[in-house]
Amino acid sequence: MTATVNLSLSPLLSTPQQPQSNRSTTTDLIKSCKNLNEIKQLHARFTKQGFNQDPGFLGKLIAKCSEIGSYDSLKYAQTAFDYFCYSEEGLNNTYKFNSLIKGYSLAGLFSDAVLIYARMVLENVAPDGYTFPLVLSACAKDGRFFEGSGIQGLALKWGFGDDVFVLNSLIHLYSECGEVDKARKVFDKMPDRNLVSWTCLICGYSRREKAEEAVRLFFEMVEEEGIMPNSVTMVCVISACGELGGLGLAERVCGYIGKAGLKVNTVMVNALVDMYMKCGSVVKAKRLFEECVDRNLVLYNTILSNYVRHGMVTEALDVLGEMLSCGGPRPDRVTLLSAISASTEMADVFLGKQCHAYILRNGLENWDSIGNAIIDMYMKCGCQEWACRVFDRMSNKTVVSWNSLMAGFLRNGDVEAACRTFDEMPESDIVSWNTIIGGLVQQSMFEDAIHLFRVMQNEGIKADRVTMVSVASACGYLGANDIAKWIYNYIEKYEIHLNMQLSTALIDMFARCGDPANAIKVFNKMKERDVSAWTAAIGAMAMEGNGKRAVKLFYEMLREGVEPDQVVFVAVLTACSHGGLVGEGMKIFRTMKEIRGISPQIVHYGCIVDMLGRAGLLKEAIDIIKNMPMKPNDAVWGAFLAACKMHKNDEMATYAADMISESSPDKAGIHVLLSNIYASGGKWTDVAKVRMSMKERGIKKNPGSSSIEVNGTVHEFTSGDESHPEQTSICLMLEEMKCRVREAGHVPDLTNVMMDVDEQEKEFLLYRHSEKIAMAFGLISTSQGYPIRIVKNLRMCSDCHSFAKLVSRVYERHIIVRDNNRFHFFQRGLCSCGDYW
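The name an unreviewed UniProt entry assigns to the protein is Pentatricopeptide repeat-containing protein At3g22690, from the organism Nicotiana sylvestris. The heading Sequence similarities (unreviewed entry) in the UniProt record of the protein holds the text "Belongs to the PPR family. PCMP-H subfamily."

Written out as structure tokens, the structure is:
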């Protein structure tokens, strides 16, 4: 009967019939209760005996119920508390309110804890030094920043503004709610600080990605104030060191574990393992893990996730195997995320399916991150159908799920499915837009990427750095300078931070758009420059044909202590090639291995062959090819053949042709170039043989095409194109141009027509080259003084080059042509390349 006794008002307020129990005995009896049933039994017995008038009895009962922390015990405590409030003596008993606040908070019922505090205020019960820390702790755990701020005002009103416990609780509250600056203000104004004060703020900085401030505050505490850390302090500062990634700093911090005489528990081992892995000291992390005798699931997950992040997939699988076979802790969702990532890294769909099966058997599939990781794994392993099946069966498809599916389609080259997925998304975020725009750029769908960026603006979605890197890349490939300037203005208008990656993308964009002045302007504004930024600037000078400036930038980079890589050597050697700086180029080439310890790759040899070939040093170029430590590829032979064509050396070209048939039998560009060399020499039988060989092998020549941007729209023309809406006006302008440049002294170079037809037909075909059509369209579509910018997919022929020079003089226009090799800036009858290309 006593086990099910209910509280009633009358026993609690009844007049005692027997003597009071000894107070210490009451306290001991309540403390000895192990569960709610025992509390109920004791309460019933004391009520019958009339001991309920003991002022401390009910308070201890409420405190014990709160300590147990179950739903039923808290309900019982609340009932006792509500009855008690009817009694006159209980109205001002702060201890009972504090006990109930603490109980609700321990049980995770933070809203109820705050409500009890509110009731306390309404009933004018005076809080004490325990009340505010308890309720502020509840606010901190529940993220109740505004309620906590209001409680701070009441704490000041009640005279607890200097109470170290209350102020520590405030620091903890603000830190947990992400308001670390407010926490620092409280900390700085404290008249006295203890270890808890420092620890709360250090942990606040550490958890809010302010690792430098956390470490700085730690050293201020131990070195200036002489306060030794506890294990909580150490765990937080160790985590901060992991984020900073500096091993020396981490070792210095860890030295205080011994100085403070702290025992290294499992929590600290976990933090240390994570820190050493992030600082690159894998051996130390592994040793700590192996020496830990009490490995829990958190520690296993830490080492497992770090192994995967470092690409140490074999080690990660060994840890997973240990968990499954040696009585280790049962893998949870975090473990499986790492396991799926490992299978993705290895492209091991069999392992991925095993992980998927384990997830299904153990009911872990409803966690969003698991489903998204499985989709990503199947996509990267080429199992697109499986990924779609997982996605279709997901009960909660988040925006991340849609993004994962779309990214997978793009990775597998299925642009149509990716775009369809993007259109079907119920909601999208900036990651969605960045994914589809970036994917279109990767698939060379540059115009579509720019169009989608404009749609994004129309929908009022603000771009970020990732968006602008992709858009700048698309614009650069299109050579659309007007769009490039608009992109740069957009970045300035919306104050998008120019980090090194975005600045480098802008330099490359302007360089590809034939605007080296703006490229260098962006470069000069950079406060920090890595090797990629220098490479982009050197490449901009190379494309302009300004070899001397490119070489000067290269040596300036070295003086600033930036270590060169293989890519920057390609850029500077290309600049030497385009500028005819043979001596300087050979000197830089030699320093790669001798001084910098970088072994030249085939791309560097290709630059040297191109440089020597352009300069007419064909024998030296062929010697380089013969002595290369690797087999020459089509790029090397292409550079050599182009030099043979330029210098009309059929003998060398024939030798190269024999070598090409062995090394690059299926490369269209090489065979077309060889055919053109034979055609230039009138060897039509050899031309026919090459073309027949191409036809038999299914090799197709890419048609020449040129594009021009007018009023933000890119127009593309192919050789002999007659499909443009303005075709009539274009033809009339072509005829006018032909007449005017002929009067200016232009003589058509018919050797550029690679067909065995009469001279009249050759001349007609010559005037229908795509860059000439684009020039004509530019003249009729833009106003006088406006530059004409053309992008050509093939190398510009010598006739179009001489034609463009005269057009720039006759029409007083600045003409910029970017072919597949470099830029040509035509102005007043001259070209920036100095006819050396």
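Further notes follow.
A. Looking closely at the overall build of the protein. The helix and strand inventory of the protein stands at 45 helices and six strands. In terms of overall dimensions, the protein is more spread out than a globule: its C-alpha atoms have a radius of gyration of 38 Å, far above the 28 Å expected for 837 residues. For the protein, the C-alpha atoms occupy an extent of roughly 130 × 55 × 55 Å along the three principal directions. Sequence-distant contacts in the protein: of pairs separated by 6 or more residues, those separated by 24 or more amount to 64%. Just so you have it, the protein exposes about 39500 Å², and 50% of that area is on carbon and sulfur atoms.

B. Summary view of the pairing of strand β2 (residues 713-718). Two strands pair when backbone bridges link them, and strand β1 (residues 705-710) and β2 are joined in this way by six bridges, in the antiparallel orientation. In the strand pairing of β2, Glu 709 is matched with Val 714. Where β1 folds back onto β2 in an antiparallel hairpin, the turn is made up of two residues, including Asn 711, whose phi is positive at roughly 55 degrees.

C. Highlighting the side chain of Ser 707. Inspection of the secondary structure assignment puts Ser 707 in strand β1. Residue classification places Ser 707 among the buried positions, given a relative accessible area of 13%. Once residues lying within four places of it in the same chain are set aside, the contact partners of Ser 707 are Leu 478, Val 714, His 715, Glu 716, Arg 789, Ile 790 and Val 791.

D. Just the sheet that holds β2, in detail. With respect to topology, six strands assemble into an open sheet ordered β2-β1-β3-β4-β5-β6, the strand pairing being mixed. Since the sheet does not close on itself, it has two edges, and those belong to β2 and β6 (830-831), each with one partner. Strand contacts of helix α45 (residues 798-810): β4 (815-818), β5 (823-827) and β6, with the helix running at about 35 degrees to β5, the strand carrying the most contacts.

E. Structural context of helix α10 (residues 164-176). With 13 residues, α10 should cover 18 Å at 1.5 Å per step; its first-to-last C-alpha distance of 18 Å lies within 8% of that length. The buried fraction of α10 is high, at 10 of 13 residues. Every buried residue of α10 is listed here: Val 164, Val 166, Leu 167, Asn 168, Ser 169, Leu 170, Ile 171, Leu 173, Tyr 174 and Ser 175. Packing partners of the buried residues in α10 comprise α8 (131-142), α9 (145-157), α11 (180-189) and α12 (195-207). Directly beyond the C-terminal end of α10, a positive phi value near 85 degrees is found at Gly 178.

F. Broad picture of the state of the cysteines. What the rule picks out here adds up to one disulfide. Covalent S-S linkage joins Cys 203 and Cys 236, the inter-sulfur distance amounting to 2.1 Å. The chirality of the disulfide connecting Cys 203 with Cys 236 is right-handed, given an S-S dihedral of about 100 degrees. Placement of the pair is Cys 203 in helix α12 and Cys 236 in helix α14 (residues 231-244), with a sequence separation of 33 residues. For Cys 419, which is in no disulfide, the shortest distance to another cysteine sulfur is to Cys 388 and amounts to 15 Å. Relative accessible area serves as the criterion here: at 26%, Cys 419 is assigned to the partly exposed category. The thiol of Cys 513 is not disulfide-bonded; the next cysteine sulfur, from Cys 475, is found 4.1 Å away. The exposure class of Cys 513 is buried, given its relative accessible area of 1%.

G. Inspection of the nonpolar core at higher detail. If you look at the biggest cluster of nonpolar residues, it comprises 237 residues, and the most contacted ones within it are Phe 218 and Phe 640. Looking at this core element by element, the count peaks at 10 residues for helix α32 (residues 531-544). Beyond its immediate sequence surroundings of up to four residues, Phe 218 is in contact with Ile 202, Pro 229, Thr 233, Met 234, Val 237, Val 253 and Tyr 256. Membership of the second largest hydrophobic core comes to 31 residues, among which are Leu 734, Met 796, Cys 797 and Tyr 811.

H. Spotlight on the side chain of His 356. Examined against the element boundaries, His 356 turns out to sit in helix α21 (residues 349-361). Setting aside chain neighbours within four positions, we find His 356 in contact with Ile 374, Tyr 378 and Val 390.

I. Examining the UniProt feature "repeat: PPR" (unreviewed entry) in the protein more closely. Sites flagged by UniProt as "repeat: PPR" (unreviewed entry) map to residues 93-127, 163-197, 296-330, 398-428, 429-463, 499-529 and 530-564. In this annotation, residues 93-127 is assigned 74% helix and 0% strand; the end-to-end C-alpha distance for the span is 9 Å. Helix makes up 77% of residues 530-564 and strand 0%, with an end-to-end C-alpha separation of 10 Å.

J. Geometry of the environment of Leu 109. Here Leu 109 lies in the loop between α6 (94-106) and α7 (110-122). Under the relative-accessibility criterion, Leu 109 is labelled partly exposed at 30%. Those residues in contact with Leu 109 that sit more than four places away from it in its chain are Leu 74 and Tyr 104.

K. Inspection of unusual backbone geometry at higher detail. Within the chain, Ser 444 stands out as a residue other than glycine whose phi angle is a positive 60 degrees. For Ser 444, the location among the structural elements is in the loop between α26 (430-442) and α27 (446-458). The residue Glu 812 is not glycine, and still its phi comes out positive at about 50 degrees. Glu 812 gets classed as exposed once you look at its relative accessible area, which sits at 61%.

L. Local environment of the packing of aromatic side chains. Taken as a whole, this structure holds 22 aromatic pairs when the rule is applied. Measuring from ring centre to ring centre gives 4.9 Å for Phe 187 and Trp 198, while their planes differ by 80 degrees; the resulting arrangement is edge-to-face. One end of the pair, Phe 187, is in helix α11; the other, Trp 198, is in helix α12, and 11 residues separate them in sequence. The exposure classification of Phe 187 matches that of Trp 198, with both residues buried. When the ring of Phe 523 is compared with that of Trp 534, the centres are 4.9 Å apart and the planes differ by 75 degrees; the resulting orientation is edge-to-face. With a gap of 11 residues between them, Phe 523 in helix α31 (residues 516-525) and Trp 534 in helix α32 connect regions that are remote in the sequence. Residue Phe 523 shares its accessibility class with Trp 534, and that shared class is buried. Here a set of aromatic residues connected by ring pairs shows up, and it is made of Phe 453, Trp 486, Tyr 490 and Tyr 494. One residue, Arg 512, lies across the ring of Tyr 477, its end atom 4.4 Å from the ring centre.

M. The arrangement of the domain arrangement of the protein in detail. According to the domain assignment, the protein contains domain 1 (52-126), domain 2 (143-192), domain 3 (194-294), domain 4 (601-701) and domain 5 (706-831). When each unit is reduced to the centre of its C-alpha atoms, the spacing between domain 2 and domain 5 is 73 Å.

N. A look at the pattern of salt bridges. Taken as a whole, this structure holds 18 salt bridges when the rule is applied. Put simply, Glu 223 and Arg 252 hold a salt bridge, and the shortest N to O gap is 3.0 Å. One end of the pair, Glu 223, is in helix α13 (residues 211-224); the other, Arg 252, is in helix α15 (residues 247-259), and 29 residues separate them in sequence. Its relative accessible area of 43% is what places Arg 252 among the partly exposed residues. With a shortest N-O distance of 2.8 Å, Arg 614 and Asp 610 are connected by a salt bridge. Highlighted residues: Arg 614 and Asp 610, both in helix α36 (residues 602-614), separated by four residues, approximately one helical turn. Judged on exposure class, the residue Arg 614 and its partner Asp 610 are both buried. Residues participating in the shared-partner salt-bridge network are Glu 243, Asp 274 and Lys 278.

O. Up close: α9. Compared with an ideal rise of 1.5 Å per residue, which puts 13 residues at 18 Å, α9 spans 19 Å between its outermost C-alpha atoms and is within 8% of the ideal. Inspection of α9 places Phe 145, Gly 148, Ile 151 and Ala 155 among the buried residues, and these make up the whole buried set. Taken down its axis, α9 places every buried residue within 115 degrees of arc, on the same side. Across from the buried face of α9, at angles greater than 90 degrees, the exposed residues are Phe 146 and Lys 157. Of the surrounding secondary structure, the elements contacted by the buried residues of α9 are α7, α8, α10 and α11.

Definitions and limits used
Residues numbered from 1 in each chain as written. Predicted model: local features only at pLDDT ≥ 70, side-chain atom pairs only at ≥ 80, totals over all residues. Heavy atoms only, no water. UniProt positions renumbered as here; feature names shortened; annotations may be inferred. Helix = DSSP H or I, 4+ residues; strand = E, 2+ residues; numbered from the N terminus. Rg over C-alpha atoms; globule rule 2.2 N^0.38 Å. Contact = heavy atoms within 4.5 Å. Areas by Shrake-Rupley, 256 points an atom, 1.4 Å probe, with all protein chains shown as cover. Pairing = 2+ DSSP bridges. Buried < 20%, exposed > 50% of the residue type's maximum accessible area, 1.4 Å probe, protein only. Axes fitted to C-alpha atoms, helices over the stretch in contact; angles between N-to-C directions. Expected span 1.5 Å × (residues − 1). Disulfide = S-S within 2.5 Å. Core = buried A, V, L, I, M, F, W, Y, C linked by side-chain atoms within 4.5 Å. Phe/Tyr/Trp six-rings, centres within 6.5 Å; stacked < 30°, edge-to-face > 60°. Lys NZ or Arg CZ within 6 Å of the ring centre and 35° of its normal. Domains from an automatic or database assignment. Salt bridge = Lys/Arg side-chain N within 4 Å of Asp/Glu carboxyl O. Arc of directions from axis to C-beta.

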